[in-house]
Amino acid sequence: MDTFETLRDIVADKFERDPATITPEATLEELEIDSLDTFDIIFSAEEKFGIKVPNDQVEIKTVQDVVTLIDRLRTEQGKA
Amino acid sequence: MTVRRVAITGMGIVSPLGNTAHDFFTNLMAGKSGIRHLQTDFVDRLDTKIAAQADFDPLQHFSKHKANSLDRVSQFALYAAGQAITDARLDLSQEDKSRIGIYLGTGMGGAASVEEGYIRLYRDGAERLKPFTVLMAMNNAAASAIALEYGLTGSNLTFSTACSSSSVSIGEAFQQVRHGYADVMLAGGAEALLTFGTIKAWEALRALASEDPADPGASCKPFAGNRTGLVLGEGAAIVVLEDMERAIARGATIHAELTGYGSGNDSSHITQPSPEGQARAIQAALHCAGLAPQDIGYINAHGTATPLNDPAETAAIKLVFGEHAPNIPVSSTKSMHGHLMGATAAVEFVACVMALKHQALPPTINLHQPDPKCDLDYIPNVGRPNTAVKHVMSNSFAFGGTSGVLIASKP
């Protein structure tokens, strides 16, 4: 399961966006995703990838930041 | 103390009998019932399989993201508020939004969101809840959603007094405009409690109507000798209350004038109604409006169809209206739209305003078998069009004892 593609599909579905506009470089701010919506995306990613994102997470600015975080946790938590 | 007159200039509704004030009232006058078999996946586990559900698809009104971040109760409220603002022809871009407030009533708030969270936690053993759970479940979510949507920065309160919640919210909003704390108030209530846990809790209280074997739609029988209880419903209603002078100056359509409000607590029993307590609230509303009992041309009763409510309310009406009581038409529209709990008073207030506007009184349906303890004119089974009325009253009583009585008058 490709992390970026899965995340892109989650965001596209939740916010009814064209998947083409969701690139790794795009900032969440550009995508009009606020901090609360970010929690919602992380929640869906947790379910999708079977991981648990700790509450004290690093700052997230771009889609790639979320991908990196998920990839790291997938490896650490043995869900890759 | 000089007080301002308060106009009702807008109405919005989501109800088991339609999602416009026009459709809702047309169905009431036709004696149609919005009560039917509950359409849900848990119906097989219910003893009581009937309810008054609103026909409401959130995705017709909101984006997917917005719909997913609002409990059904807030979806109802937001949609009804939009209708009310449009109906009042309020141009919010031209308004001082700090002078516009929102008072809503609700009994259970985001009941479905609370329950969904519990299902995840307790049944499914989930470790986490959805991030929006608190924001969807909190009782003030609906009023906040309206404020956010329209940028309204005036007073924003949520009242929770069970079945009288939205009578109290409308009454308190009336006071805000009347005494000059606000120029415009959106006021009403919303409820969406047709969840498995909530219905089971009501079943346990043994307050729900048995299904009529011949016609499920006829299960709620207020004031009838064969009544068996209330039928739960869902929906929302919101009215726009406005300083009368301002409403006239901007050429607004004035549906009615809100003239009276009375509230108090029975302070006698958690569920058993007190005719004396109810009578005090009715008296207070009449006093507020400066009216005599015989001025009232129609009463929309609380009329839950429970064994205890209907004789107690009848006794309360007799206490206040005395010799005039038999001459005043009284109906319980709950026979058609069910009991919408925290939204019910607002929905019934819309029925009252429409009755004034159209000079037409909706019936109490399913009233074929009289109860000797309920001996007023309940407008049995057939509505009365072409009836001259100047002042109408809406009664709301509640578990916990808080009464709310509203009076609307022809402008």
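Residues numbered from 1 in each chain as written. Chains lettered and ligands numbered in written order. Predicted model: local features only at pLDDT ≥ 70, side-chain atom pairs only at ≥ 80, totals over all residues.

A. The arrangement of the overall build of chain A in detail. A tally of regular secondary structure across chain A gives three helices and zero strands. Moving toward the C terminus, one meets the helices and strands of chain A in the order α-α-α. Relative to the 2.2 N^0.38 estimate, which gives 12 Å for 80 residues, the radius of gyration of chain A is 12 Å and therefore close to what a compact globule would have. Its C-alpha atoms give chain A principal-axis dimensions of about 30 × 25 × 20 Å. The buried share of chain A, reckoned over its 80 residues, is 20%. (Helix = DSSP H or I, 4+ residues; strand = E, 2+ residues; numbered from the N terminus. Rg over C-alpha atoms; globule rule 2.2 N^0.38 Å. Buried ≥ 20, exposed ≤ 12 C-beta atoms within 10 Å, placed from the backbone.)

B. How the structure looks around the domain arrangement of chain B. All names here are of chain B. Parsing chain B into structural domains produces domain 1 (6-249) and domain 2 (261-409). Each of domain 1 and domain 2 has a C-alpha centre, and the two are 20 Å apart. Looking at the side of domain 1 that touches domain 2, the elements with two or more residues in it are strand S1 (6-14), helix H1 (21-29), helix H7 (165-178), strand S6 (184-191) and strand S7 (235-243). For the side of domain 1 that touches domain 2, the element with the most residues is H7, which contributes seven residues. Of the residues in the side of domain 1 that touches domain 2, the class split is 35 nonpolar, 21 polar and five charged. (Domains from an automatic or database assignment. Nonpolar A, V, L, I, M, F, W, Y, C, P; charged D, E, K, R; others polar.)

C. Quick peek at the packing of helix H3 (residues 72-87) of chain B against helix H6 (residues 141-150) of chain B. All names here are of chain B. H6 packs onto H3 with a crossing angle of 45° between their chain directions and a minimal axis gap of 8 Å. The orientation of H3 with respect to H6, classified from their angle, is oblique. As for the relative orientation of H3 and H6, their crossing is right-handed in sense. The segment H3 lies against H6, with Val73, Ser74, Ala77, Leu78, Ala81 and Ile85 engaging Ala141, Ala142, Ala145, Ile146, Glu149 and Tyr150. (Axes fitted to C-alpha atoms, helices over the stretch in contact; angles between N-to-C directions. Parallel < 35°, antiparallel > 145°, perpendicular 65-115°, else oblique. Left-handed = near helix turned anticlockwise from the far one by under 90°. Contact = placed C-beta atoms within 7 Å.)

D. Geometry of the confidence of the model for chain A. The predicted model of chain A averages 91 in pLDDT, with 96% of residues at 70 or higher. Across chain A, helix H1 (residues 3-15) of chain A holds the top mean pLDDT of 95, while helix H2 (residues 35-49) of chain A sits lowest at 92. (pLDDT = per-residue confidence, 0-100.)

E. Broad picture of the interface of chain B and chain A. Between chain B and chain A, the contact holds eight residues from the first and nine residues from the second. Partitioned by chemical class, the residues of the side of chain B that touches chain A number two nonpolar, two polar and four charged.

F. Expanded view of helix H13 (residues 344-358) of chain B. Compared with an ideal rise of 1.5 Å per residue, which puts 15 residues at 21 Å, H13 of chain B spans 21 Å between its outermost C-alpha atoms and is within 8% of the ideal. Counting buried residues in H13 of chain B gives 13 out of 15 residues, a clear majority hidden from the surface. (Expected span 1.5 Å × (residues − 1).)

G. The environment of glutamate 149 of chain B, seen in detail. Tracing the backbone shows glutamate 149 of chain B in helix H6. Separated by 130 residues in the primary sequence, glutamate 149 of chain B and asparagine 19 of chain B have C-alpha atoms spaced 20 Å apart.

H. Local environment of the pairing of strand S12 (residues 402-409) of chain B. Residue and element names in this part refer to chain B. Buried residues dominate S12, accounting for eight of its eight residues. The side-chain alternation of S12 yields two buried faces, one formed by Thr402, Gly404, Leu406 and Ala408 and the other by Ser403, Val405, Ile407 and Ser409. The pairing of strand S8 (residues 256-265) with S12 spans eight bridges and is classified as antiparallel. Counted as the bridge partner of tyrosine 261 is leucine 406 from S12. Pairing of strand S11 (residues 391-396) with S12, which is carried by six bridges, proceeds in the antiparallel orientation. Paired with valine 392 across the bridge in S12 is alanine 408. (Pairing = 2+ DSSP bridges.)

I. Examining the pairing of S1 of chain B more closely. All names here are of chain B. The element S1 is largely enclosed, with a buried count of nine among its nine residues. Of the pairings in the sheet, the one linking S1 to S8 comprises three bridges and is antiparallel in character. Within S8, the residue paired with isoleucine 8 across the bridge is alanine 256. Strand direction decides the pairing type here: S1 and S7, joined by eight bridges, are antiparallel. Across the sheet, glycine 12 pairs through a bridge with isoleucine 238, a residue of S7.

J. Expanded view of the environment of leucine 406 of chain B. Residue and element names in this part refer to chain B. Positionally, leucine 406 belongs in strand S12. For leucine 406, a count of 31 C-beta atoms within 10 Å gives the class buried. Through-space distance from the C-alpha of leucine 406 to that of glutamate 203 is 30 Å; in sequence the pair is 203 residues apart. Residues contacting leucine 406, with those up to four places away along its chain left out, are Ser167, Ile170, Gly171, Leu258, Gly260, Tyr261, Ala285, Phe349 and Ser394.

K. Just the sheet that holds S12 of chain B, in detail. Residues and elements named next belong to chain B. If you walk across this open sheet you meet the ten strands as S5-S4-S6-S7-S1-S8-S12-S11-S9-S10, and the pairing is mixed. Strands at the two margins of the open sheet, each flanked by one partner only, are strand S5 (156-159) and strand S10 (330-331). Of the pairings in the sheet, the one linking S6 to S7 comprises eight bridges and is antiparallel in character. Across the sheet, alanine 187 pairs through a bridge with valine 239, a residue of S7.

L. Quick look at the nonpolar core. Counting residues in hydrophobic clusters, the biggest one holds 135 residues, and the most contacted among them are Ala77, Leu241 and Val350 of chain B. In terms of residue count, H13 of chain B provides more of this core than any other element does, eleven residues in total. For this core, the two domains that each supply at least three residues are domain 1 (6-249) and domain 2 (261-409) of chain B. Those residues in contact with valine 350 of chain B that lie beyond four places of it in its chain are Met11, Ile13, Ala21, Phe24, Ala237 and Val239 of chain B. Leu7, Ile10, Val11 and Ile42 of chain A belong to the second largest nonpolar core, which has 13 residues in total. (Core = buried A, V, L, I, M, F, W, Y, C linked by C-beta atoms within 7 Å.)

M. Representation of unusual backbone geometry in the model. All names here are of chain B. In this structure, phenylalanine 223 is a non-glycine residue whose phi angle is positive, near 65°. Positive phi outside glycine occurs at isoleucine 379, with the angle close to 50°. In this fold, isoleucine 379 is placed in the loop between H13 and S11. Residue isoleucine 379 is classed as buried on the basis of its C-beta count, with 23 C-beta atoms lying within 10 Å.

N. Just the packing of H1 of chain A against helix H3 (residues 63-76) of chain A, in detail. All names here are of chain A. Their axes nearest at 10 Å, the elements H1 and H3 cross at an angle of 125°. When the axes of H1 and H3 are compared, the pair comes out oblique. Taken as a pair, H1 and H3 cross one another with a handedness that is right-handed. Of the residues in H3, those in contact with Thr3, Phe4 and Leu7 of H1 are Val63, Val66, Val67, Ile70 and Asp71. Grouping the constituent residues of the contact of H1 with H3 by class yields six nonpolar, one polar and one charged.

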